[in-house]
Amino acid sequence: MSNVSIPAGRSTAPGPDAPPRGGLSSTLVLALGTFAVGTDAFVLAGFLPSMADDLRVSEATAGQSITVFAAAYAILSPVLATALARVPRRTVLIVALLVLAVANLGSALAPDMTVMIVSRVLAAAGAAAYTPNAGAVSAALVRPELRARALAVVIGGLTVATALGVPLGNAASDRLGWRTALALVAAVCLLTAVVLRLTMPWLPGGVRVPLRTRLSVLRRPAVLAVLPLSVLGMGACYTAYAYTVPVLEAVGVPGSGVVWMLFLYGLGAVIGNLAAGYATDRWGSTRVLTTGYVTMAATLGVLAWLAAADADIEPLVGLLALLWGASSWCQTPPQQHRLIGVAPQEAPLVVSLNSSSIYLGIGLGTALGGAALGAGAATVYGLGAVIAAVALVFLLATSRSPADDG
């Protein structure tokens with residue numbers, strides 16, 4: 001992997017003394033880290049009911065541990081990007097994973113919701129330090145024509161986590177208990193930190209830019225036209241996903257079948273993410289996002305109908321889970337591509353802000369889903385479908401920039 005610096009607030013284009021950009025293989029080690037982060041961030045959805053029972057709270061209350069993680073991530077991402085700007089990139093990435101390991105051990109040992117919430121805030125700090133740095137570094141390591149695909153590879157770690165980490169976490173929770181499952185997540189984070197230390201070269205930090213200067217990019221209309229879409233899109237899919245077990249049971253999936261539906265969702269996420277990276281480079285961001293939001297709204301709408309009709313068509317639910325995952329995770333590569341296109345001089349910053357927007361959407365979606373859960377799964381699915389439709393309208397109303405076309 002090339003030894004390249006990405007100063008905060010500066011262009012990711014290589015300078016005259018920078019080594020030439022390479023292919024996608026240089027980003028694989030970064031994807032390994034996002035796999036660990038993604039397993040940490042999403043695994044709770046797979047065993048929320050058992051965690052709620054053990055901590056003596058309702059499922060909606062337990063779901064707020066996901067909301068708190070997401071909200072803390074959204075707030076901490078730009079703050080940590082500022083505070084850690086001068087720290088060598090490898091050091092940031094490794095320490096972030098070690099923080100995640102400690103946080104998951106805290107969650108595994110939590111005696112009540114208070115300790116659980118504190119440990120999830122700590123986990124959010126680790127994730128907020130890792131993911132934006134990994135995305136920005138990946139964009140700088142490859143040739144310009146591979147940028148969207150490089151972003152897809154790094155985000156692919158998150159989607160592989162939904163395909164493997166979340167179902168395995170659900171299975172581990174059923175067999176060993178949710179606390180053991182979280183301890184295993186801590187072990188994955190620790191192992192990944194060791195691998196990064198052994199395989200990733202030293203990468204220098206950048207110039208420290210004050211937070212106020214960093215956030216000044218939010219005054220740009222082109223940036224403001226992109227970031228809310230990440231909030232809406234992730235809010236739409238997470239309204240139901242955070243409560244996967246109860247809402248899948250409502251469409252005829254027994255507890256033993258949830259792990260397979262989670263796997264199909266994650267498989268769809270992997271396919272959707274990688275296809276979106278290729279399609280964005282070839283056909284542009286707007287077409288990819290339009291296809292994604294139409295698919296998401298339709299998929300969640302059909303699931304709402306199945307729940308309302310009390311239908312039991314498990315093969316159809318499996319197909320819908322696959323499409324749900326693909327439409328959820330096809331968003332990130334084109335959104336990051338749009339942002340880097342409209343603010344190329346601030347690529348690390350806008351990638352960080354997009355990560356904040358993603359987790360803000362996850363937090364809002366989880367909160368809305370929890371509020372609607374008492375009204376039934378059909379309401380939860382329907383709410384997600386409506387938000388996906390709003391995301392589509394927002395996209396069509398704001399995608400006027402030439403950067404949206406490639």
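Residues numbered from 1 in each chain as written. Predicted model: local features only at pLDDT ≥ 70, side-chain atom pairs only at ≥ 80, totals over all residues. Heavy atoms only, no water.

Draft legend 1. The side chain of Thr280, seen in detail. Take Thr280: it is sitting in helix 12 (residues 258–283). Among the polar contacts made by the side chain of Thr280, one reaches the main-chain carbonyl oxygen of Ala276 at a distance of 2.7 Å. (Helix = DSSP H or I, 4+ residues; strand = E, 2+ residues; numbered from the N terminus. Polar contact = N/O pair within 3.5 Å; in protein donor to acceptor, adjacent residues only side chain to side chain.)

Draft legend 2. Seen up close, the packing of aromatic side chains. For the structure shown, the criterion picks out 9 aromatic pairs. Summarising the aromatic geometry, the rings of Tyr265 and Trp324 are spaced 5.4 Å apart at their centres and angled 85° between planes, so their arrangement reads as edge-to-face. A residue pair is termed long-range when its members are at least 10 positions apart, and Tyr265 in helix 12 and Trp324 in helix 14 (residues 314–329) qualify at 59 residues. The pair Tyr265 / Trp324 is uniform in exposure class, with both members buried. Here the aromatic rings of Trp324 and Tyr381 are separated by 6.2 Å at their centres, their planes lie at 75°, and the arrangement is edge-to-face. Here the residue Trp324 occupies a position in helix 14, and Tyr381 occupies one in helix 17 (residues 377–398), the gap between them amounting to 57 residues. Given the relative accessible area of 3%, Trp324 is considered buried. Following the ring pairs from residue to residue traces out a cluster consisting of Tyr238, Tyr241, Tyr265, Trp324 and Tyr381. (Phe/Tyr/Trp six-rings, centres within 6.5 Å; stacked < 30°, edge-to-face > 60°. Buried < 20%, exposed > 50% of the residue type's maximum accessible area, 1.4 Å probe, protein only.)

Draft legend 3. Fine view of empty space enclosed by the protein. Within the structure shown, the criterion is met by 3 cavities of 30 Å³ or more. Here the second largest cavity defines a volume of roughly 70 Å³. Within the residue set of the lining of the second largest cavity, elements represented by two or more residues are helix 6 (147–176), helix 15 (332–342) and helix 16 (347–372). The element that contributes the greatest number of residues to the lining of the second largest cavity is helix 16, accounting for 4 residues. (1 Å grid on protein atoms, 1.4 Å probe; cavity = no way out; pocket = protein on both sides within 12 Å on 5 of 7 lines; lining within 4 Å. Points joined across faces, edges and corners; volume = space filled by probe spheres on them.)

Bear in mind that shape data such as this cannot, by itself, settle questions of function.
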